[in-house]
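A structural walkthrough
Residue strings, one per chain:
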Amino acid sequence: MVVIKTEEEIQKMIAAGKVLSGVHHELRNKIKPGIKTIELDRFVEEYLTERGAYPEQKGYEGYPYSICASVNDEICHGFPGEYVLKDGDIITVDMVVNVDGWLADSAWSYEVGEVSKEAHDLLENTKKAMYLGIEQAKIGNRLGDIGHAIQSFAESKGYSVVRDFVGHGIGKNMHEDPQVMHFGKPGRGLRIVEGMVFTIEPMINMGEYELTIDDNGWTARTKDGSLSAQYEHQLAITKDGPVIITDQGDC
Ligand code: MF3
Ligand code: CO
């Protein structure tokens, strides 16, 4: 069941989104060769706590950390740890911020130092794929229009779209209906209506979309070892089009 949100509820999620985008702004400077991914986790937890916000992922279905930190061939749900980021790595940081019971969810991929042109292009194109999906998130369209826009662009660049993880409705709960596929056919799927709030979060692989899950039971990585990137925004559907709840202002 899709829970439609009021304007007031959307404002509460925008407040959480402001804190979250503040974290991503800070991460741009923090993510450098030499930093351990667990240090990013500690930083985020402290940043949120100081602002009266809670890292909703921590403890969610037993997930042990405040962020997901997915490096290189890790697709999502990477565990922060003792790994030291090095020049040329890419890393996706995903987090969910709880302010007064309302949630904001956004993942962003970052370059560590100087990366290859291929890695840089993967990030740019994955971000573009997300925004092409967002453009389709308007009243009267269907969810398949979003998936199709993302898939056709990503595949035209020679990449593949991960099938096993999808966008989702969100509000007071991290995962609500509907499921938002990042692949699909135009004109198919649920019709988009005012007051829906959901994420669009394509995970795009340089190689094939098949994945494996690590022994920790969480971390997904590409089966062929190719790089994977992800950008995720949370949107509210309004009469004037999609409002990006997790907007970072300048990218
Ligand atoms: N933020 C993720 C999403 O986009 C959820 C991470 S799973 C968690 O759905 F358990 F780590 F929280
Ligand atoms: Co997320």
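Residue numbering note: each chain is counted from 1, following its sequence as written. To label them, take the chains in the order written and letter them from A, then take the ligands in the order written and number them from 1. For a predicted model such as this one, the threshold for reporting local features is a pLDDT of at least 70, and the threshold for listing and counting side-chain atom pairs is 80 or more; totals across whole chains, interfaces and linings nevertheless cover every residue. Processing note: side-chain calculations cover all non-hydrogen atoms of the structure and skip hydrogens and water entirely.

Structural elements are reduced to axes, namely lines fitted to C-alpha atoms, with helices fitted over the stretch in contact, and the angle between N-to-C directions of any two is expressed from 0 to 180 degrees. Segments assigned H or I by DSSP are reported as helices when at least four residues long, segments assigned E as strands when at least two residues long, and all are numbered from the N terminus. At a minimum axis distance of 11 Å, the contact between helix α1 (residues 7-30) and helix α2 (residues 37-50) shows a crossing angle of 145 degrees. The hand of the α1/α2 crossing is right-handed. Between α1, through Val19, Gly22, Val23, Glu26, Leu27 and Lys30, and α2, the contact on the second element is made entirely by Leu40, Phe43, Val44, Tyr47 and Leu48. Nonpolar residues are Ala, Val, Leu, Ile, Met, Phe, Trp, Tyr, Cys and Pro. Charged residues are Asp, Glu, Lys and Arg, and all others, Gly as well, are polar. The residue makeup of the contact of α1 with α2, split by class, is 8 nonpolar, 1 polar and 2 charged. Helix crossings get a hand from a simple test, with the near helix turned counterclockwise from the far one by less than a right angle marking a left-handed crossing and a clockwise turn marking a right-handed one. We call two residues in contact when some of their heavy atoms are within 4.5 Å.

Here we come to the site of ligand 1. Put simply, a residue is near a molecule or strand once any heavy atom of it comes within 4 Å of that molecule or strand. As a structural note, the neighbourhood of ligand 1 is formed by 14 residues, with Gln57, Asp94, His168, His175 and Glu201 the closest of them. For this analysis, a polar contact is any N or O atom pair within 3.5 Å, provided that within protein one partner can donate a hydrogen and the other can accept it, and provided that sequence-adjacent residues contribute only side-chain to side-chain pairs. A distance of 2.8 Å is found between a nitrogen atom of ligand 1 and a side-chain nitrogen or oxygen belonging to Gln57. One of the side-chain nitrogen or oxygen atoms of Asp94 is found 2.9 Å away from a nitrogen atom of ligand 1. For ligand 1, whose free accessible area comes to 330 Å², the fraction covered by protein is 95%. Points on a 1 Å grid over protein atoms alone make up a cavity when a 1.4 Å probe fits among them but cannot get out, and a pocket when they form an open set with protein on both sides within 12 Å along at least five of seven lines; lining residues each have an atom within 4 Å of a point. Being in a pocket or cavity means that more than half of the molecule's atoms lie within 2 Å of its grid points. When atoms are counted within 2 Å of each cavity's grid points, the one that captures over half of ligand 1 is the largest pocket. Tallied by class, residues from the shell around ligand 1 come to 6 nonpolar, 4 polar and 4 charged. All accessible areas in this document rest on Shrake-Rupley with a 1.4 Å probe, and a residue is counted as covered only by the protein chains that are shown.

Attention now goes to α1. Here α1 contains 24 residues, and its C-alpha end-to-end distance of 35 Å stays within 8% of the 34 Å for a straight helix at 1.5 Å per residue. Here the term buried applies to any residue with accessible area under 20% of the maximum for its type, exposed to any over 50%, and partly exposed to those in between, with areas from a 1.4 Å probe on protein chains only. When α1 is considered as a whole, its buried residues turn out to be Ile10, Met13, Ile14, Ala16, Gly17, Val19, Leu20, Ser21, Gly22, Val23, His24 and Leu27. Take the residue count of a helix, subtract one, and multiply by 1.5 Å to get its expected span.

Once that is clear, we can look at unusual backbone geometry. With omega at 0 degrees, the peptide bond leading from Asp177 into Pro178 counts as cis. Looking at the element boundaries, Pro178 is found in strand β8 (residues 176-180).

Let us look at the environment of Trp102. With respect to the element layout, Trp102 can be found in strand β5 (residues 102-111). Counting along the chain gives 41 residues from Trp102 to Glu61, while the straight-line C-alpha distance between them is 18 Å. Residues in contact with Trp102, not counting those within four places in the same chain, are Lys5, Glu9, Lys12, Met13, Ala16, Val97, Gly171 and Lys172.

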